[in-house]
Amino acid sequence: MGRRARLGLVLCLAALWAGGLAAAVDEEGNQDESLESKTLSAEDQVKDHSTGTRVVAGQIFLESGKSDSQSEDEENIHSQEEEKENSLEELNSLEMSNLLNKDLEEAEIQNPALTAIGGTADGEPCHFPFLFMEKEYAECTADGREDGRLWCATTYDYKKDQKWGFCETEEQSNKRRQMQEAEDVYQTGMKILNESSKKAQKKEAYQYLLKAADMNHTKAMEKVSYALLFGDYLKQNIQSSKELFEKLTEEGSPKGQMALGFLYASGLGVNSSQAKALVYYTFGALGGNLIAHMILGYRYWAGIGVLQSCESALTHYRLVANHVASDISLTGGTVVQRIRLADEVENPGMASGMLEEDLIQYYQFLAEKGDVQAQVGLGQLHLHGGRGVEQNHQRAFEYFNQAANAGNSHAMAFLGKMYSEGSDVVPQSNETALQYFKKAADMGNPVGQSGLGMAYLYGRGVPVNYELALKYFQKAAEQGWVDGQLQLGSMYYNGIGVKRDYKQALKYFNLASQGGHILAFYNLAQMHATGTGVMRSCHTAVELFKNVCERGRWSERLMTAYNSYKDGDSNSAVVQYLLLAEQGYEVAQSNAAFILDQKASIVGENETYPRALLHWNRAASQGYTVARIKLGDYHFYGFGTDVDYETAFIHYRLASEQQHSAQAMFNLGYMHEKGLGIKQDIHLAKRFYDMAAEASPDAQVPVFLALCKLGVIYSLQYVREINIREIFSHIDMDQLLGPEWDLYLMTIIALLLGTIIAYRQRQHQAIPRPAGLRPAVPQQEPPPEHQPPQ
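As the structure is a computational prediction, the values presented were derived from the model and not from experiment.

Draft legend 1. Local environment of the overall build of the protein. Each helix and strand counted, the protein has 37 helices and six strands in total. Going through the 790 residues of the protein one by one, you find that 43% of them count as buried. Counting only contacts in the protein whose residues sit at least 6 apart along the sequence, the fraction spanning at least 24 positions is 53%. As presented, the protein carries roughly 43,600 Å² of accessible surface, and 52% of it is formed by carbon and sulfur atoms.

Put into structure tokens, the structure is as follows:
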């Protein structure tokens, strides 16, 4: 009965969640955890980010369900609301004081005074504060004891009365000391991990974390379990990571619940079960895990294991997007590098976006020689990271400083951004930032103009001046700078310094989104989600929010997985790509399928093709052409499924019509030629071959060969279909060539024969004799010169 009751509770909670129950998410947690998501406090989960209209660094928060007419009415009743707010503040302060008093009373009832255990006053209540060694203690202490056990006095003056007892049992004391020791070991490991960049030191850090995990330290167990799952600085061990995830799940860890859901979804270390995966994902999301929210958002959007629901997907994606958008700084986030392994293998000459080490060294050489453009380029690379370069604010500051001293306006503007934002390397200083922004803006630099606009908009180092802010943002936007376009859109949206105009806001947000600004996508998503200034579109809002979510810090795992694959560790790479694929990253889905297609050893040999087929299917549904063609290939050859020419034909046709793929067109031509999955039609085959040649120059040679083959087949088919004897019986040669046609024919044959004989005779005469058969000519001595007389 107990197991049935627990199962019923689980199903009940899952049903409630599927109906729309969601825990709101805000920011919390360590920044160094690139993939393990952040868990939120209960207070933050109650908060609804969609209520209230405000703007933070270009980020808008919309009031759900607000229409254009409602926004106009707001201005009329604004003064009334201020009066209400003043009165409500007084009431709220009174209510809060009453609630606090009530909470204190309940706390006193629920938390009785500590009772001394053992000592000289066993069973008596502890007295706080108490005096010991001329120092007052308001809580239990371990001072004066070598074993570190907590104790208290039961009277005020210990020295006078010598009345004392322990605050904990010996078992509790041992457990507390063990947890404190585990915490110290964990903090040592994390310090080494965060402060070092060398692989050997990171491995040493994980040895400390491994020791803390053995002592049941929850955070250490989370770090170690993920390291074992991905093979990060520890040897990959799926079974050991599964055991740790199960232990964490029993303790209620949202990270453990999410990871266990991933194992069941992907069938790693356990038998695949989408139902169990959904339950664990749901509990992880209820605990505030962002990755779990993102996975559920994708599942509801694509209808994986649940009924497709755009509104449920919107709920989950919006929660994650709120966190990602709030984490964006003025200098922008890290660059997400999306490298497709299939494209890299099939087109080795194609640029992947990664900078070769030799090229980086060349730019560094130019920068050292005083090349300003190289200095600015390297500064931007180190500021944002990406393209194979790690984020390094110290080096970015140095390069920008060199270029700024040489008079480069772009470097001045970026120095202004760094001082405005502040970091461990550059102290925050509005005054210094303002100086750099002014210098850059005076030289017509759009980055400096936008920075100056931000200073006037928020009063950073100068008084707030909306007119000047608008002026500088317009100048920056006219030059195509995305920050200027974003802030201009925000001003029009909120009616700051200008009359509120949603159409203008939409225009500038669209322009900024074309430049790839995350907050532009976020603001557009908010507008489409609430129907503000546009027709409400859940589908568009979900796609935009999904784009924002995929720019979160966990996207750094894409590069980690790629590096693992390049280092020859396919098992580590495929597990990382599989988790990112669960989150809805199309590039991760295609890369996971690509590695599985190559028979990854971490998955059973009989399971590689079916799993690869699943992820090709998910990547194809997100518009990846190669994945759609791969689906056709799998059904054509029967990889991971039965041979099905009709389904293969459908996939090739979709790739041809939607993405204009030359490969798909060529395959359709071949299927029409052979009559596979469709009625044989040589004319349609030729048409598709011609279309393939027009779609891609690379297809012209194979298309030419295919058309030659098709021409031969067509000729043979034509000859087979007609009766040659009947044709010759109907031909009258006397009527066609005259009565003496046979004499003409014999004369032509004789002439041809004579020509051939004459040609062969001339050719025989022209053959040179071998050099070895020529008679030797004796060498004659040169005539003697006049010799001196003897």
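Draft legend 2. Seen up close, the nonpolar core. F262, Y317, Y577, I595 and W616 are the most contacted members of the largest nonpolar core, which has 154 residues in total. When neighbours within four sequence positions are excluded, F262 is seen to be in contact with L229, L268, Y281, V575, L578, L579 and E582. With twelve residues, the next largest nonpolar core counts C126, Y137, C152 and A153 among its residues.

Draft legend 3. Up close: the pattern of salt bridges. Enumeration over the complete set of coordinates arrives at 17 salt bridges. As a salt-bridge pair, E246 and K242 come within 3.1 Å of each other at their nearest N and O atoms. Of this pair, E246 and K242 both sit in helix 9 (residues 238-250), four residues apart, which is roughly one turn of that helix. Using a relative accessible area of 28% as the deciding quantity, one classes E246 as partly exposed. Among the residues examined, K242 registers a relative accessible area of 11% and is labelled buried. Where R611 meets E607, a salt bridge forms, and the shortest distance between an N and an O atom there is 2.6 Å. Given a relative accessible area of 18%, R611 falls into the buried group. For E607, a relative accessible area of 37% puts it in the partly exposed group.

Draft legend 4. Looking closely at the side chain of E168. Considering the arrangement of structural elements, one finds E168 in the loop between strand 6 (164-166) and helix 6 (170-195). Residue classification places E168 among the buried residues on the basis of a relative accessible area of 6%. Only 3.4 Å separates the side chain of E168 from the side chain of S173, close enough to count as a polar contact. Within the structure, E168 has its side chain in polar contact with the side chain of R176 (distance 2.9 Å). Residues within four places of E168 in sequence aside, it is in contact with I117, R149, L150, S173 and R176.

Draft legend 5. Representation of the state of the cysteines in the model. Scanning the entire structure with this criterion turns up three disulfides. Two residues, C126 and C152, share a disulfide whose sulfurs are 1.9 Å apart. In this structure the cystine formed by C126 and C152 twists about its S-S bond by roughly -60°; its chirality is therefore left-handed. Taken as a pair, C126 in the loop between helix 4 (78-110) and strand 3 (130-132) and C152 in strand 5 (residues 151-153) lie far apart in primary sequence, 26 residues in all. Both residues of the pair, C126 and C152, count as buried.

Draft legend 6. A look at a nonpolar patch on the surface. The grouping of L359, Y362, Y363 and F365 at the surface amounts to a nonpolar patch, some 380 Å² of accessible area in total. Examined against the element boundaries, L359 turns out to sit in helix 15 (residues 357-368). Given the relative accessible area of 33%, L359 is considered partly exposed.

Draft legend 7. The packing of aromatic side chains, seen in detail. Evaluation of the coordinates by the stated rule reveals 28 aromatic pairs. Between F132 and W151, the aromatic rings sit 5.0 Å apart at their centres with planes inclined by 85°, giving edge-to-face as the arrangement. Here the residue F132 occupies a position in strand 3, and W151 occupies one in strand 5, the gap between them amounting to 19 residues. Of the two residues, F132 and W151, both sit in the buried class. Their ring planes at 85° and their centres at 5.8 Å tell us that Y634 and F639 sit as a pair that is edge-to-face. Overall, F639 belongs to the partly exposed group, its relative accessible area being 31%. An aromatic cluster of at least three residues, connected via ring pairs, comprises F128, F130, F132, Y137, W151, Y158, W164 and F166. The ring of Y624 has R340 sitting right over it, with the charged end atom 4.5 Å from the ring centre. Here K471 stacks its cationic end above the ring of Y472, 5.6 Å away from the centre of that ring.

Draft legend 8. Seen up close, helix 28 (residues 586-597). When the terminal C-alpha atoms of helix 28 are compared, their 16 Å separation across twelve residues agrees well with the 16 Å that a helix rising 1.5 Å per residue should span. With twelve of twelve residues buried, helix 28 is to be regarded as a mostly interior element. Turning to helix 28, its buried residues are E586, V587, A588, Q589, S590, N591, A592, A593, F594, I595, L596 and D597. Where helix 28 ends, the next residue or the one after it, K599, has phi of about 65°, a positive value.

Draft legend 9. Broad picture of the side chain of H528. In this structure, H528 sits in helix 24 (residues 518-530). On the basis of relative accessible area, H528 is assigned to the buried category, the value being 15%. Beyond its immediate chain neighbours, meaning those up to four positions away, H528 contacts V534, M535, R536, S537, T540, A541 and L544.

Draft legend 10. Spotlight on unusual backbone geometry. Cis peptide bonds are those with omega within 30 degrees of zero, and the linkage from F128 to P129 qualifies with -5°. Residues other than glycine seldom take positive phi values, yet Y233 does so here, at roughly 65°. Take Y233: it is sitting in the loop between helix 8 (218-230) and helix 9. According to the relative accessible area criterion, Y233 is partly exposed, its value standing at 30%.

About the criteria used
Residues numbered from 1 in each chain as written. Predicted model: local features only at pLDDT ≥ 70, side-chain atom pairs only at ≥ 80, totals over all residues. Heavy atoms only, no water. Helix = DSSP H or I, 4+ residues; strand = E, 2+ residues; numbered from the N terminus. Buried < 20%, exposed > 50% of the residue type's maximum accessible area, 1.4 Å probe, protein only. Contact = heavy atoms within 4.5 Å. Areas by Shrake-Rupley, 256 points an atom, 1.4 Å probe, with all protein chains shown as cover. Core = buried A, V, L, I, M, F, W, Y, C linked by side-chain atoms within 4.5 Å. Salt bridge = Lys/Arg side-chain N within 4 Å of Asp/Glu carboxyl O. Polar contact = N/O pair within 3.5 Å; in protein donor to acceptor, adjacent residues only side chain to side chain. Disulfide = S-S within 2.5 Å. Patch = residues over 30% accessible without salt bridge, like charges linked within 9 Å, V, L, I, M, F, W, Y side chains within 5 Å. Phe/Tyr/Trp six-rings, centres within 6.5 Å; stacked < 30°, edge-to-face > 60°. Lys NZ or Arg CZ within 6 Å of the ring centre and 35° of its normal. Expected span 1.5 Å × (residues − 1).

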